[in-house]
Amino acid sequence: MRRKWWMLICVVIWMLAVGCGKDAAKQDVSSKSGALAPLSVGLMPDTDSVPFIVAREKGFFAEEGVEVTLHPFKSAMDRDAALQSGQLDGAISDLLAAAFAKAGGFDVRVTSATDGAYQMIGGKGNDASDVKALSGAEIAVSRNTIIEYVTDRILRENGMASGALQKVSIPQIPARLEMLQNGKLAAATLPEPMASIAVANGCKYLTGSGALGINPGVMLFSTKAATDKKTSICAMYRAYNKAVEYLKKTPREEYIGMIVEKGGFPAAAKDALKLPDYHAAVLPKERDVTEVMRWLVEKNLVKQEYGYKELVKEDCLP
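Procedures and definitions
- All residue numbers refer to positions counted from 1 along the written sequence of the respective chain.
- Given that this is a predicted model, residues contribute local features only at a pLDDT of at least 70 and side-chain atom pairs are listed and counted only at 80 or more, while totals for whole chains, interfaces and linings are drawn from all residues.
- Water and hydrogen atoms were dropped before computing side-chain values, which therefore reflect all heavy atoms in the structure.
- Runs of E in the DSSP output that reach at least two residues are strands. Runs of H or I that reach at least four are helices, and both are numbered from the N terminus.
- With a 1.4 Å probe rolled over the protein chains alone, any residue whose accessible area is under 20% of its type maximum counts as buried; one over 50% counts as exposed, and the rest are partly exposed.
- Contact criterion: two residues are considered in contact whenever any of their non-hydrogen atoms come within 4.5 Å of each other.
- To measure how exposed things are, a 1.4 Å probe is used in the Shrake-Rupley method; for residues, cover is taken only from the protein chains shown.
- Pairing between strands is defined by DSSP: at least two bridges between them are needed.
- Every axis in this analysis is a line fitted to C-alpha atoms, fitted for helices over the stretch in contact. Angles between the N-to-C directions lie between 0 and 180 degrees.

*Asks:* I tried to follow the overall build of the protein on my own but got confused; where do I start?
*Replies:* Along its length, the protein carries 15 helices and 10 strands. Evaluated residue by residue, the protein yields a buried proportion of 50% over its 318 residues. Across the protein, contacts joining residues at least 24 apart in sequence account for 79% of those joining residues at least 6 apart. For the protein, the exposed surface amounts to about 15,300 Å²; the carbon and sulfur share of it is 53%.

*Asks:* When you look at the sheet that holds strand β4 (residues 108–113) in this model, what are you seeing that I'm missing?
*Replies:* Sheet strands line up and pair through hydrogen bonds in the backbone, either parallel or antiparallel. Spatial ordering of the open sheet is given by β2-β1-β3-β10-β4, a layout of 5 strands whose pairing is mixed. The two strands at the open ends of the sheet, each matched to only one other strand, are β2 (68–72) and β4. Neighbour to neighbour, the strand axes of the sheet diverge by 35° on average, direction disregarded. Looking at chain direction, strand β1 (residues 39–43) and strand β3 (residues 90–94) are connected through 2 bridges and run parallel. Paired with G42 across the bridge in β3 is A91. Strands in contact with helix α11 (residues 230–249) are β1, β2, β4 and β10 (217–222); relative to β1, the strand with the most contacts, it is inclined by about 50°.

*Asks:* When you look at the pairing of β4 in this model, what are you seeing that I'm missing?
*Replies:* For a regular strand, the rule is simple: side chains alternate between the two faces of the sheet. Here β4 lies mainly inside the structure; 6 of its 6 residues are buried. When β4 meets β10, the two strands line up antiparallel, connected through 5 bridges. The partner of V108 across the bridge, within β10, is S222.

Set out below in C-alpha cells:
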C-alpha cells in the first residue's frame, strides 16, 4: 500500500515538473517572439540618424524582436518637448540637452555616444579663409544647444572670445542652411549632412568638431524608459550595430538613395553627403561630459556640474 502511494506521489511530482517545464518553455518562447516593449525614438536631420534608418529599413530591429518607431524633428526644441511630454522614450540628442533636462527636473540617462559631426561653414559669397577672418560677422546657431557649444569651442581653439562673432539664433536646421546658401549669413554651424550640402552649393568649410576631437552627441532615454525598457534598448543597440556593419561593408550606391529619401534629407545630399566612420555603440568619453558641464556652468545655464555617473547609464549596451 505504501509502495502504491509512493508511486502515485512520484507520478504527480513528475507531471507537475513537466507542466512547469512546458510553461517555462512557453514563457521563454513568447519573450523571444515579441514580448519586448516597443520604443519610440526621436531623430534629427543629421548623420547620427543614419544607422537607425538603416536598421529600420533593412529589418534589423525586427530581427532583434524589438519595435522601434522613429520620429523626425527639425529642431532640438521640438524634440526635447516631445521627450518631456512622454511622446518619446528616447532621442538622438547631446550632452547639453541631457544636463538641461536634469536641471529642469526631467531625469534622463545617456546610453551611448553617437558619431555625428558639426561644422562651421562660411556663407556663399563670403571670402573669409579661416575662422579668425570672420571676426565681427554674423553666424547662425541654435542658442544653448550643441551647435552653440561647438561654435564656442571653435572660437576658443582659435584664440577668440565667445562674443567675437555676432550669433544669430536660427533653431531650424533647414532654415539655417537656406540662409547660408543664399548669402544672407557670413557663416553658420551645421550638422552633417547639411554642412556638406552647403559646401557643395558654393559655401566654404572652415573647421568643425572632428578637427577639435570633441564629440558631445549622444543617444539618451528618459530614466523611466532606460530602466523599464532596458532589454528593448539593448535589442535596439544590437540592431544599430548590425546597421553600422552594413554601412561599412556595403557600397554607397546601394543605400544612399534610401537614406536620403527615408531620412528626409535634401536631394542634393545624394551626391554631397559624407558619412562618418560609424562605430558600434559605445559610452561617451568622460572628458566630453566634463567639458560640456564646464561650458554650461561658465555660461550660467545650469547651477551645478553633473558627474559622469549622474548623466550616463552604463548597462544598456549589448
